[in-house]
Amino acid sequence: ALVIAGAGSGKTRTLTYRVAWLLEQGVAPWRILLLTFTNKAATELKERLERMLGPQANDIWASTFHSCCARILRQNGEAIGYSKHFTIYDTDDSKRLMKECQKALGIEDKYLPHKTILGEISIAKDSLVSPLEYRNTCGKDVRSVKIADAYQEYQKRLKAADAMDFDDIIYNTVQLFESHPEILEHYQNKFKYIMVDEYQDNNHAQYRLVSLLAGKHNNLCVVGDDDQSIYRFRGATIENILSFEEQFPSSLVIKLEENYRSTQNILDAANAVIKNNKKRKGKSLWTSNGDGEKIIDLTAYDE
């Protein structure tokens, strides 16, 4: 099922009520996996589920992609060469390690800044591109070759330290599932009901992870809004939500178009602007809150 939920139309409520309905049908809470994009959204989902369901909400895996994958890797990381106690590097750790790699490779930071290299590596991991695959795309471009060298050295040192950076968490979980079908099958059988919030903000690695987990039962419900995709700079790809019906041909599409937050004047203006977007499913928000005050047009000197 693809739920196209406009702004203020009750995305979180839709997810929590679907969970409650599944439990009413006799589904065990530990068979449900609920994934979202940010820690704030995950916390809100958990709190709502606890208020609605009580103690059994604790048995539902409701978390961010990264928290879910870290939990899976703690249990199964040894299959790809990590201990159960691997370290997760924060931004400062990654910067420090990259500077060490640059020093070892003779890459001056003023020529090729560590932030630039780490940014390229992050994009590669979000796209599930390994150091070797990255190297193969460089051709004779000197800058790209140096980034490829740094990527390879960086991953080698991470592995030697039994550590992963933030992007490795999803990347390595996908690698784990693709290289160990028996582990993938365990989680496919465990999570018979998979739900994903803010689906429009998923990158390729997250898309691949969800596709693998849902591959056996094809029992997937995603909620999102193609008009609210703002994370392309982080690798999010709107095509995930636009091509959902092609990936799952028998899927049901539901549009939530009633807005509970705004007045009709605001929605009319938003609809008039956003209808010009080329890649979108198409919907028109409405409300029973009345027309409300007219919109003020203001030109300011600064933010």
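Here, every reference points to the structure presented above.
First, a word on scope: everything that follows refers to the structure included in this document. Please read all numbers here as calculations on a predicted model, not as lab measurements. (Residues numbered from 1 in each chain as written. Predicted model: local features only at pLDDT ≥ 70, side-chain atom pairs only at ≥ 80, totals over all residues. Heavy atoms only, no water.)

### Regarding the pattern of salt bridges
Within this structure, the stated rule accounts for 13 salt bridges. Between Glu100 and Arg157 there is a salt bridge, and its shortest N-O distance comes to 3.9 Å. Taken together, the positions of Glu100 in helix 4 (residues 91–105) and Arg157 in helix 7 (residues 142–160) put the pair 57 residues apart, joining distant regions of the chain. With a shortest N-O distance of 3.5 Å, Lys156 and Glu153 are connected by a salt bridge. Of this pair, Lys156 and Glu153 are both found in helix 7, three residues apart, which corresponds to roughly one turn of the helix. Judged by relative accessible area, which is 54%, Lys156 ranks as exposed. Residues participating in the shared-partner salt-bridge network are Asp93, Arg96, Glu100, Glu153, Lys156 and Arg157. (Salt bridge = Lys/Arg side-chain N within 4 Å of Asp/Glu carboxyl O. Helix = DSSP H or I, 4+ residues; strand = E, 2+ residues; numbered from the N terminus. Buried < 20%, exposed > 50% of the residue type's maximum accessible area, 1.4 Å probe, protein only.)

### Comments concerning the state of the cysteines
Tallied over the entire structure, the rule returns zero disulfides. Free cysteine Cys68: the closest other cysteine sulfur is in Cys69, separated by 5.2 Å. Given a relative accessible area of 1%, Cys68 falls into the buried group. Counting only cysteine sulfurs, Cys101 is the nearest neighbor of Cys138, a cysteine outside any disulfide, at a range of 16 Å. (Disulfide = S-S within 2.5 Å.)

### A closer look at the pairing of strand 6 (residues 193–196)
Residues Tyr193 and Met195 line one face of strand 6 and the alternating positions Ile194 and Val196 line the opposite face, and both faces are buried. In terms of strand pairing, strand 6 meets strand 7 (residues 220–224) through three bridges, oriented parallel. Its bridge partner lying in strand 7, Ile194 is registered against Leu220. Handedness of the crossover joining strand 6 and strand 7 through helix 10 (residues 204–213) is recorded here as right-handed. (Pairing = 2+ DSSP bridges. Right-handed = clockwise from strand over helix to strand, strands pointing away.)

### Some thoughts on the sheet that holds strand 7
Sheet architecture is open: six strands sit in the order 3-2-6-7-1-8, paired in parallel fashion. Here the strands that pair on one side only, and so sit at the sheet edges, are strand 3 (61–64) and strand 8 (253–256). Averaged over neighbouring strand pairs, the angle between their axes works out to 15° when direction is ignored. As paired elements, strand 2 (residues 32–36) and strand 6 share four bridges and run parallel to each other. Directly across from Leu34, in strand 6, lies its bridge partner Met195. Lying on the sheet, helix 3 (residues 65–76) is in contact with strand 2, strand 3 and strand 6; it crosses strand 3 at an angle near 115°. (Axes fitted to C-alpha atoms, helices over the stretch in contact; angles between N-to-C directions. Contact = heavy atoms within 4.5 Å.)

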